[in-house]
Amino acid sequence: MINDPAAETWDRELEDLFLRVGHRFSRVEPRRRMRDYVRGLLGPVGRKNGWQLAEYAGHATPDGLQHLLAGARWDADEIRDELQAYVAERLGQDDGVLIIDDTGFVKKGTTSAGVQRQYSGTAGRTENCQIGVFAAYASARGRALVDRELYLPKSWTEDRDRCRAAKIPDERDFHTKGELAKALVLRALASELPIAWVTADSAYGQEGRFRRLLEQSGVGYVLAVPKSQFSVGCNRIESLFAQAPAEAWERLSCGNGAKGPRIYDWAAIRLPAVAEYDYQDETLMRRRWALARRSLSKPDEIAYYLAYAPLETTVEELVRIAGMRWAIEECFQAAKNECGLDQYEVRRYTGWMRHITLAMLARAFLAAMAAATAKGAAETVPAPWSTSPWQRSGDSWQLAVPTTRVCRGARPVLTP
């Protein structure tokens, strides 16, 4: 039960948030409807669709809230920018982590922007759905979704009449999920969010251009990769760890889950440096790692990671960052359960972007309130394998391959 002082604090903080974003609405009507919409997303509404949100706000019909999403003049990207500044202020820390992942929204029919039969990790199968690529920000103070893009399959972008019917901008071409992820990262790095690390699952970690973007941006990463992944000094990452001695494995927790600490056996090996990216003048600034995470109950289940980190980074810190990837799943679940992220009834591109942005804003407010309450590669180079490529170096393991030098002319061209 919320007591009166807590309710007053809630209302005051929410009014402050509305003032922060309110100037992005040039007219008073959409500004008021935005406030009603967000309050409804935060309120005890059974299903957060147009009719029920309108009823909660005291509107006779949902027309005003529908117009907010479909017809009013305001820019969802400007609200996104305000959201990122708000999260930076309330949750930001110097060691903050940006997390990239996608989630599915199961839909009927064929007219919702971007909908088609495609695999949804949320459903665990192929469904008729929309896919959104998201960025979340996480620190010890909390976590929140901070950016989004709607994935548009080629079946959409190659049919411009269909796109125009769904109000998809003419300039919106086909982009892979990896390309959308790069755009999210670039925007986040340009924002006020203090970001030291990026993590993502293997769908994004396996892309060399995605890793190069992070390296060129000077940000560390711990990215999941498939077992067939190749990197500097290893043709297949699973083959590399198949040669790991028993003493290379260490039991570590990668963070707390719903049932307590998530404990696995971990092995980490230092990979050879790449002069083009890892040195500043003649000084080594960053170190490359490969990691493996082995299930305690099912030892055959092994996940793999590539990491890029400052020299002083420990294996324990890399393991912690790897574990932060689950924070975005928690963000998806909380935003869907508490703020109606997936309960929209819009079909057009503009409406999707607006609803998703306002739902993210509502969930970021809850995260901020919880925080305040708590406060009271370069191309693969064949490895000259020795009998065992694993060599002890101090308190860690490293690959017995020298520094790799990359021709400057070979740097890939990145398209933001």
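The rules we used
- Residues numbered from 1 in each chain as written.
- Predicted model: local features only at pLDDT ≥ 70, side-chain atom pairs only at ≥ 80, totals over all residues.
- Heavy atoms only, no water.
- Helix = DSSP H or I, 4+ residues; strand = E, 2+ residues; numbered from the N terminus.
- Buried < 20%, exposed > 50% of the residue type's maximum accessible area, 1.4 Å probe, protein only.
- Areas by Shrake-Rupley, 256 points an atom, 1.4 Å probe, with all protein chains shown as cover.
- Salt bridge = Lys/Arg side-chain N within 4 Å of Asp/Glu carboxyl O.
- Phe/Tyr/Trp six-rings, centres within 6.5 Å; stacked < 30°, edge-to-face > 60°.
- Lys NZ or Arg CZ within 6 Å of the ring centre and 35° of its normal.
- Expected span 1.5 Å × (residues − 1).
- Core = buried A, V, L, I, M, F, W, Y, C linked by side-chain atoms within 4.5 Å.
- Arc of directions from axis to C-beta.
- Axes fitted to C-alpha atoms, helices over the stretch in contact; angles between N-to-C directions.
- Parallel < 35°, antiparallel > 145°, perpendicular 65-115°, else oblique.
- Left-handed = near helix turned anticlockwise from the far one by under 90°.
- Contact = heavy atoms within 4.5 Å.
- Nonpolar A, V, L, I, M, F, W, Y, C, P; charged D, E, K, R; others polar.
- pLDDT = per-residue confidence, 0-100.
- Polar contact = N/O pair within 3.5 Å; in protein donor to acceptor, adjacent residues only side chain to side chain.

Overview of the overall build of the protein
Turning to step 1, where the next piece is worked out: A count of helical and extended segments in the protein gives 15 helices and 14 strands.
Turning to step 2, where the next piece is worked out: By the burial criterion, 51% of the 416 residues in the protein qualify as buried.
Turning to step 3, where the next piece is worked out: Accessible area of the protein: about 19,500 Å², with a carbon and sulfur share of 47%.

A short note on the pattern of salt bridges
Turning to step 1, where the next piece is worked out: Per the stated rule, a full pass over the model turns up 30 salt bridges.
Turning to step 2, where the next piece is worked out: Residue Asp 95 is joined to Arg 320 by a salt bridge in which the shortest nitrogen-to-oxygen separation is 3.8 Å. Taken as a pair, Asp 95 in the loop between helix 5 (76–91) and strand 1 (97–106) and Arg 320 in helix 13 (residues 315–323) lie far apart in primary sequence, 225 residues in all.
Turning to step 3, where the next piece is worked out: In this structure Asp 95 comes out as partly exposed when scored by relative accessible area, which is 35%.
Turning to step 4, where the next piece is worked out: Between Asp 265 and Arg 251 there is a salt bridge whose closest N-O contact spans 2.8 Å. On the criterion of sequence distance, the pair formed by Asp 265 in strand 8 (residues 260–271) and Arg 251 in strand 7 (residues 249–257) is long-range, its members being 14 residues apart.
Turning to step 5, where the next piece is worked out: Shared partners join several salt bridges into a network, and the residues in it are Asp 77, Arg 80, Asp 81, Asp 147, Arg 148, Glu 149, Arg 172 and Arg 187.

A closer look at the packing of aromatic side chains
The geometry of an aromatic ring pair comes down to the distance between the two centres and the angle between the two planes.
Turning to step 1, where the next piece is worked out: Tallied over the entire structure, the rule returns 12 aromatic pairs.
Turning to step 2, where the next piece is worked out: With a centroid separation of 6.2 Å and an interplanar angle of 70°, the aromatic rings of Tyr 151 and Phe 174 are classed as edge-to-face. Placement of the pair is Tyr 151 in strand 4 (residues 142–151) and Phe 174 in the loop between helix 7 (160–165) and helix 8 (177–190), with a sequence separation of 23 residues.
Turning to step 3, where the next piece is worked out: Judged by relative accessible area, Phe 174 falls into the partly exposed class, the value being 25%.
Turning to step 4, where the next piece is worked out: Ring centres of Tyr 221 and Tyr 308 lie 5.6 Å apart, and the angle between their planes is 25°; this geometry places the pair in the stacked category. On the criterion of sequence distance, the pair formed by Tyr 221 in strand 6 (residues 220–225) and Tyr 308 in strand 12 (residues 302–310) is long-range, its members being 87 residues apart. Neither Tyr 221 nor Tyr 308 differs from the other in exposure class; each is buried.
Turning to step 5, where the next piece is worked out: Through a chain of ring-to-ring contacts, three or more aromatic side chains come together here, namely Phe 105, Phe 134, Phe 332, Tyr 344 and Trp 352.
Turning to step 6, where the next piece is worked out: Stacked on the ring of Tyr 344, the Lys or Arg Lys 107 has its end atom at 3.8 Å from the ring centre.
Turning to step 7, where the next piece is worked out: Of note, Lys 336 hangs over the ring of Phe 105, and the distance from its end group to the ring centre comes to 5.3 Å.

Overview of helix 14 (residues 326–339)
Turning to step 1, where the next piece is worked out: Given a rise of 1.5 Å per residue, 14 residues ought to cover 20 Å, and the 19 Å separating the end C-alpha atoms of helix 14 matches this to within 8%.
Turning to step 2, where the next piece is worked out: Among the residues of helix 14, those classed as buried are Ala 327, Ile 328, Cys 331, Phe 332, Ala 334, Ala 335, Lys 336 and Cys 339.
Turning to step 3, where the next piece is worked out: The first or second residue beyond helix 14 is Gly 340, which carries a positive phi of 65°.

Notes on the nonpolar core
Turning to step 1, where the next piece is worked out: Among the nonpolar cores identified, the biggest contains 115 residues, and Ile 100 and Leu 145 are the most heavily contacted of them.
Turning to step 2, where the next piece is worked out: Looking at this core, the element that brings in the most residues is helix 15 (residues 349–375), giving 16 residues.
Turning to step 3, where the next piece is worked out: Counting 15 residues, the second largest nonpolar core, distinct from the first, contains Ile 237, Ala 244, Ile 269 and Leu 271.

Topic: helix 4 (residues 63–70)
Turning to step 1, where the next piece is worked out: For helix 4, every residue scored as buried is listed here: Gly 64, Leu 65, Leu 68 and Leu 69. For helix 4, the angular spread of the buried residues around the axis is 140°, confining them to a single face. The exposed residues of helix 4 that point more than 90 degrees off its buried face are Asp 63 and Ala 70.

Regarding the packing of helix 8 against helix 10 (residues 208–217)
Describing two packed helices takes the angle between their axes plus the distance from one axis to the other.
Turning to step 1, where the next piece is worked out: Between helix 8 and helix 10, the shortest axis-to-axis distance is 10 Å and the interhelical angle comes to 15°. With respect to helix 10, the axis of helix 8 lies roughly parallel. Regarding helix 8 and helix 10, the two cross each other, and that crossing is right-handed. Contact with helix 8, carried on its side by Ala 181, Lys 182, Val 185, Leu 186 and Leu 189, involves Phe 210, Leu 213, Leu 214 and Ser 217 of helix 10 and no other residues of that element.
Turning to step 2, where the next piece is worked out: Considering only residue class, the contact of helix 8 with helix 10 consists of 7 nonpolar, 1 polar and 1 charged.

Observations regarding the confidence of the model for the protein
Turning to step 1, where the next piece is worked out: On average, residues of the protein score 88 in pLDDT, and 89% of them are at 70 or above.
Turning to step 2, where the next piece is worked out: Counting contacts from residues 377–387, a segment whose pLDDT is below 50, to residues more than four positions away or on other chains yields 25 contacts.
Turning to step 3, where the next piece is worked out: For the stretch residues 404–416, pLDDT sits under 50, and the model shows 25 contacts to residues farther than four places along the chain or on other chains.

Concerning the packing of helix 2 (residues 28–42) against helix 4
Turning to step 1, where the next piece is worked out: Put simply, helix 2 and helix 4 touch, their axes get as near as 10 Å, and they point 105° apart. On the basis of their axis angle, the class for helix 2 and helix 4 is roughly perpendicular. For the pair formed by helix 2 and helix 4, the contact residues are Pro 30, Arg 33, Met 34, Asp 36 and Tyr 37 on the first element and Gly 64, Leu 65, His 67, Leu 68 and Leu 69 on the second.

A short note on unusual backbone geometry
Turning to step 1, where the next piece is worked out: Residues other than glycine seldom take positive phi values, yet Lys 167 does so here, at roughly 60°.
Turning to step 2, where the next piece is worked out: In this fold, Lys 167 is placed in the loop between helix 7 and helix 8.
Turning to step 3, where the next piece is worked out: Owing to a relative accessible area of 46%, Lys 167 belongs among the partly exposed residues under this scheme.
Turning to step 4, where the next piece is worked out: A positive phi angle is found at Asp 281, which is not glycine, with a value near 60°.
Turning to step 5, where the next piece is worked out: Position of Asp 281 among the secondary structure elements: in the loop between strand 9 (279–280) and strand 10 (283–284).

Description of the environment of Asp 75
Turning to step 1, where the next piece is worked out: As for its placement among the helices and strands, Asp 75 is situated in the loop between helix 4 and helix 5.
Turning to step 2, where the next piece is worked out: Separated by 275 residues in the primary sequence, Asp 75 and Thr 350 place their C-alpha atoms 9.3 Å from one another.
Turning to step 3, where the next piece is worked out: Here Asp 77 takes part through its backbone nitrogen, which lies 2.9 Å from a polar atom of the side chain of Asp 75.

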